[in-house]
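What the coordinates show
Single-letter residue listing:
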Amino acid sequence: MKNLNYSPQHLIYLKKIKRNKIFVNFMRSFILVLILGVWELCAAFKIIDPFITSSPSRVVKTIIDLYLNGSLFYHIGVTLFETLLGFIIAIVAGYSVAILLWMSNSARKIFEPYIVVLNSLPKIALGPLIIIWIGTGYTAIIFMTILVAVIVCIMNTLTGFCSVDSTMLTLMRSMGASKILTLKKLIIPASIPALMNTLKVAVGLAWIGSIMGEYIVSRAGLGYLIVYGGQVFKLDLVMTATIILCALAGAMYGVVALLEKRLLKLY
């Protein structure tokens, strides 16, 4: 019955979109299976050294071993907690600072150069200082995660605010709208796509920050497994932790993409 509301041309268009979506999803899965298959075959026939590169079957065996000794979900949980908390704080702090800078042109002009400089600073170089300032443990890792992600969140969100149609801004001003009202009714709704892009970028940065923090100082987590595996030449463990990281990052990105679809429908 729903088809009665659409013209034949529109139905053909919708079918093309559906077929294209199926094709894209199939190709994504096919490429993943192909990569894993080629990797496994190359390791099995000694085209590559499985001790150095590992293989899918060895990764699966390592995951099972980690699960059986009770450490798999512990290490995943530690890294996931650090990443999610750092991600949330970075997004909230970045969005809040971007709002304050948008509210004041003078403040934006004063602080923008400092934000750019902080963004270009190699955060890993601050690792020893972070340990001295904050100490070891989860706090230092979460702080590193925030440090890596928050500056980009500020810059991207502020760019989205400043990219809103100037004609609409002029119209709001001509109607006597205050800065707060303009922010609420125009800027925030119009910059939803920019916010979603910021979230997508921040997902990757949050994972980078948490793993960097675990490289510097950690007693648990996937970054710790990578460092430990490299030190004792358990390269299967290194590859396993890396693949788990890829899966978690992909899942987190998928959640953000789903949130984007919901928000864009609302606005």
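One can find the structure itself at the top, above this paragraph.
These numbers were taken from a predicted model, which means no experiment stands behind them.

Parameters and conventions
- Residues numbered from 1 in each chain as written.
- Predicted model: local features only at pLDDT ≥ 70, side-chain atom pairs only at ≥ 80, totals over all residues.
- Heavy atoms only, no water.
- Helix = DSSP H or I, 4+ residues; strand = E, 2+ residues; numbered from the N terminus.
- Rg over C-alpha atoms; globule rule 2.2 N^0.38 Å.
- Buried < 20%, exposed > 50% of the residue type's maximum accessible area, 1.4 Å probe, protein only.
- Contact = heavy atoms within 4.5 Å.
- Areas by Shrake-Rupley, 256 points an atom, 1.4 Å probe, with all protein chains shown as cover.
- Lys, Arg positive; Asp, Glu negative; His and termini not counted.
- Charge placed at Lys NZ, Arg CZ, Asp CG, Glu CD.
- Core = buried A, V, L, I, M, F, W, Y, C linked by side-chain atoms within 4.5 Å.
- Phe/Tyr/Trp six-rings, centres within 6.5 Å; stacked < 30°, edge-to-face > 60°.

Examining the overall build of the protein
- Counting its secondary structure elements, the protein contains 12 helices and zero strands.
- Reading the protein from its N terminus to its C terminus gives the helix and strand order α-α-α-α-α-α-α-α-α-α-α-α.
- A compact globule built from 267 residues should have a C-alpha radius of gyration of about 18 Å, whereas the protein, at 23 Å, is more than 25% larger.
- With respect to the three principal axes, the spread of C-alpha positions in the protein is 70 × 65 × 30 Å.
- When each of the 267 residues of the protein is scored for burial, the buried share is 38%.
- Put simply, of all contacts in the protein between residues at least 6 apart along the chain, 72% involve residues at least 24 apart.
- Counting only carbon and sulfur atoms, one obtains 71% of the accessible surface of the protein, whose full area is about 16,300 Å².
- With 23 positive and 9 negative side-chain charges, the protein shows a separation of 15 Å between the mean positions of the two kinds.

Some words on the nonpolar core
- The biggest cluster of nonpolar side chains holds 60 residues, and the ones touching the most others in it are F87, F161, I187, L199 and L222.
- The set of elements that each furnish at least two residues to this core consists of α4 (72-103), α5 (105-120), α7 (138-162), α8 (166-174), α9 (179-190), α10 (192-216), α11 (222-231) and α12 (235-266).
- By residue number, the principal contributor to this core is α7, which donates 13 residues.
- Once you skip the residues sitting within four places of it in the chain, L199 turns out to touch F87, I91, V256 and L259.

Considerations on the packing of aromatic side chains
- Inspection of every chain in the model, using the stated rule, returns five aromatic pairs.
- Their ring planes at 15° and their centres at 6.1 Å tell us that F26 and F30 sit as a pair that is stacked. In this pair, F26 and F30 both sit in helix α1 (residues 8-44), four residues apart, roughly one turn of the helix.
- Relative to F73, the ring of Y67 has its centre 6.0 Å away and its plane inclined at 85°; by these criteria the two rings are edge-to-face. The same class applies to Y67 as to F73, namely exposed.

So yeah, pure geometry; function would need other evidence.
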